[in-house]
Structures are given as C-alpha cells and as structure tokens.
Amino acid sequence: QQQVKQSPQSLIVQKGGISIINCAYENTAFDYFPWYQQFPGKGPALLIAIRPDVSEKKEGRFTISFNKSAKQFSLHIMDSQPGDSATYFCAASDNQAGTALIFGKGTTLSVSS
Amino acid sequence: GAVVSQHPSWVICKSGTSVKIECRSLDFQATTMFWYRQFPKQSLMLMATSNEGSKATYEQGVEKDKFLINHASLTLSTLTVTSAHPEDSSFYICSARGLPGQGSYNEQFFGPGTRLTVL
C-alpha cells in the first residue's frame, strides 16, 4: 500500500488552543484527502476533506491546509475543546481510479480543560 | 446523508468457528465496498476491495481463504472469518462508495464497525 505518514502520534492541547496534525503522502495520483475522527469503539467519521485544486478548506473550527508541491496536508483545529479529544486519521485515495482510502497511523488528541 | 450499517456490532465466538459480518448501504447503491481491520490503538488497514458481482481483491498478506468476501448486491457485502482464532480478534470496519454520477461516489462512507472476539 502507498504510505501516508502522519505526525505527531499524540498531542496534548489546552482548551482554547490550536491543534495541528500533519500528513505527507507519496503517490502523486492521490486526489482526495479526508480527515476522520474516531472515538473509542466507534467507526471513523468524516470530518473534512480537500481536493488538490485548492490549498485550504475551512469548515467551522476545522481547516485543512494543502501543499501539493510538498505532498503534504494538515488539519488545524481552532479553539480546541475537550469534546475534540479523539483519534484523528488522515487518509488519501485516487478517486479517479476508485481506489480505497489509505490511512495514516493516527494521532491521539487530548484537550485538557 | 449516506448511511452504512454493520451487523452484528459485536460478536464473541469460540476458536475454530466461522463468523459472518454484514455491511449494508442503507440509502444508496454501492458498486464498491471496502473491508478494513483495526487492532487496538492502531490505524485502519485495508483488507480487501469488493466490487458487486465480481471476486474481491485482497491486499498483500490477507488470506483470501480465511476471509471470505461476498458482494452479492449493490447494497450488501459480507465478510466471513473462517476457522477463527484468537489472533483474528479485531475491529472490522466496512465502507462503501456510491455509483458513478451519484453524490456519494466521491466519498467512502464507513460503517460503525464490528468487534470480533475469538476465545
């Protein structure tokens, strides 16, 4: 499987702070980059996604920044809240070819109150 | 929005038995369904890609004779873990992609997962 490298592995942020998670990919054919949020015992839930024709996408407190030349994308969570404490996965796929999502290893976020 | 269900949500079985997990797309038709496995505190690892009416494509290292996948209709795929052993205990998650031209085509929708425990 083509790799998607995610960092950091874990992150502790104070309430109200900004959480930043980074991902890098190898396959230049990837054209769909979603972020998923997962709580223990639950399936992953789509948070926000971006395609390579834009460099940034914002939805509420969540922003994806995308750098096509560097093959990197990141998730920013503004005004982090304790309820944001979860595991976050970046992923990538070649939607044109209909391939499956390849996931990063995940980042466990803890937001302290 | 597009909803994917899985049944059962959890199952406990004895070593050597077979277990079937169902994945259904409830409000859209899915030409392609994917099966992932997730061990505790690890990421989702793709096991196989299942296209309706054809044989599944397995990822390297996944035993096709042990993990039988059937995608008999545009709304149902099943994963059967045959002769299960304790090391097969994991969280199994399916996802589905809608038909080309549908709004659900460009996204994979995930089921809630099935927790399998093999004693």
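1. Focus on the state of the cysteines
Note on terminology: disulfide describes a covalent bond linking the sulfur atoms of two cysteines. This model, assessed by the stated rule, comprises two disulfides over all chains. Between the sulfur atoms of C23(A) and its disulfide partner C90(A) the distance amounts to 1.8 Å. Taking the sign of the S-S torsion, -90 degrees for the link of C23(A) and C90(A), the bridge is left-handed. Taken as a pair, C23(A) in strand β3 (residues 19-25) and C90(A) in strand β9 (residues 86-92) lie far apart in primary sequence, 67 residues in all. Under the relative-accessibility criterion, C23(A) is labelled buried at 2%. Taking the relative accessible area as the measure of exposure, C90(A) reaches 0% and is therefore buried. A sulfur-sulfur distance of 2.0 Å marks the disulfide that ties C23(B) to C94(B).

2. Quick word on the nonpolar core
Counting residues in hydrophobic clusters, the biggest one holds 26 residues, and the most contacted among them are F67(B) and L116(B). Elements that contribute at least two residues to this core include exactly β2 (10-13), β3 (19-25), β4 (30-38), β5 (45-51), β7 (67-73), β8 (76-81), β9 (90-98) and β11 (114-118) of chain B. Apart from residues no more than four positions distant in its own chain, F67(B) is found in contact with R37(B), M47(B), Y58(B), V62(B), L79(B), T80(B), V81(B), D88(B) and Y92(B). Listed in part, the 25 residues of the second largest apolar core include F30(A), L47(A), I48(A) and Y88(A).

3. Looking at the interface of chain B and chain A
By a frequent convention, interface size equals the accessible area lost on bringing the separate parts together. Across the boundary between the two partners, chain B contributes 21 residues, which contact 19 residues of chain A. Regarding the contact of chain B and chain A, the summed buried area is about 1,500 Å², with carbon and sulfur atoms giving 50% of it. One can count zero salt bridges joining chain B with chain A. For the interface between chain B and chain A, the tally reads eight residue pairs in polar contact (both at pLDDT 80 or more). Taken together, the elements giving at least two residues each to the side of chain B that touches chain A come down to β4, β5, β9 and β10 (108-110) of chain B. For the side of chain B that touches chain A, the per-class residue count stands at 10 nonpolar, seven polar and four charged.

4. Focus on the pattern of salt bridges
Residues and elements named next belong to chain A. One pass over the full model with this rule turns up four salt bridges over all chains. As a salt-bridge pair, E59 and K57 come within 3.6 Å of each other at their nearest N and O atoms. Looking at E59, the relative accessible area reads 37%, which means it is partly exposed. According to the relative accessible area criterion, K57 is partly exposed, its value standing at 32%.

5. Topic: the environment of Q14(A)
One can find Q14(A) in strand β2 (residues 10-14). When near neighbours in sequence (up to four residues on either side) are disregarded, Q14(A) contacts S80(A), V111(A) and S112(A).

6. As for the sheet that holds strand β6 (residues 56-59) of chain A
Think of a sheet as strands paired side by side through backbone hydrogen bonds, with each pair either parallel or antiparallel. All names here are of chain A. Pairing is antiparallel across the open sheet formed by five strands, whose spatial order is β1-β3-β8-β7-β6. Each edge of the sheet is formed by a strand with only one pairing partner; in this case those strands are β1 (4-7) and β6. Pairwise comparison of adjacent strand axes, ignoring direction, gives a mean angle of 15 degrees for this sheet.

Thresholds applied
Residues numbered from 1 in each chain as written. Chains lettered and ligands numbered in written order. Predicted model: local features only at pLDDT ≥ 70, side-chain atom pairs only at ≥ 80, totals over all residues. Heavy atoms only, no water. Disulfide = S-S within 2.5 Å. Helix = DSSP H or I, 4+ residues; strand = E, 2+ residues; numbered from the N terminus. Buried < 20%, exposed > 50% of the residue type's maximum accessible area, 1.4 Å probe, protein only. Core = buried A, V, L, I, M, F, W, Y, C linked by side-chain atoms within 4.5 Å. Contact = heavy atoms within 4.5 Å. Buried area = accessible area lost by both parts, 1.4 Å probe. Salt bridge = Lys/Arg side-chain N within 4 Å of Asp/Glu carboxyl O. Polar contact = N/O pair within 3.5 Å; in protein donor to acceptor, adjacent residues only side chain to side chain. Nonpolar A, V, L, I, M, F, W, Y, C, P; charged D, E, K, R; others polar. Pairing = 2+ DSSP bridges. Axes fitted to C-alpha atoms, helices over the stretch in contact; angles between N-to-C directions.

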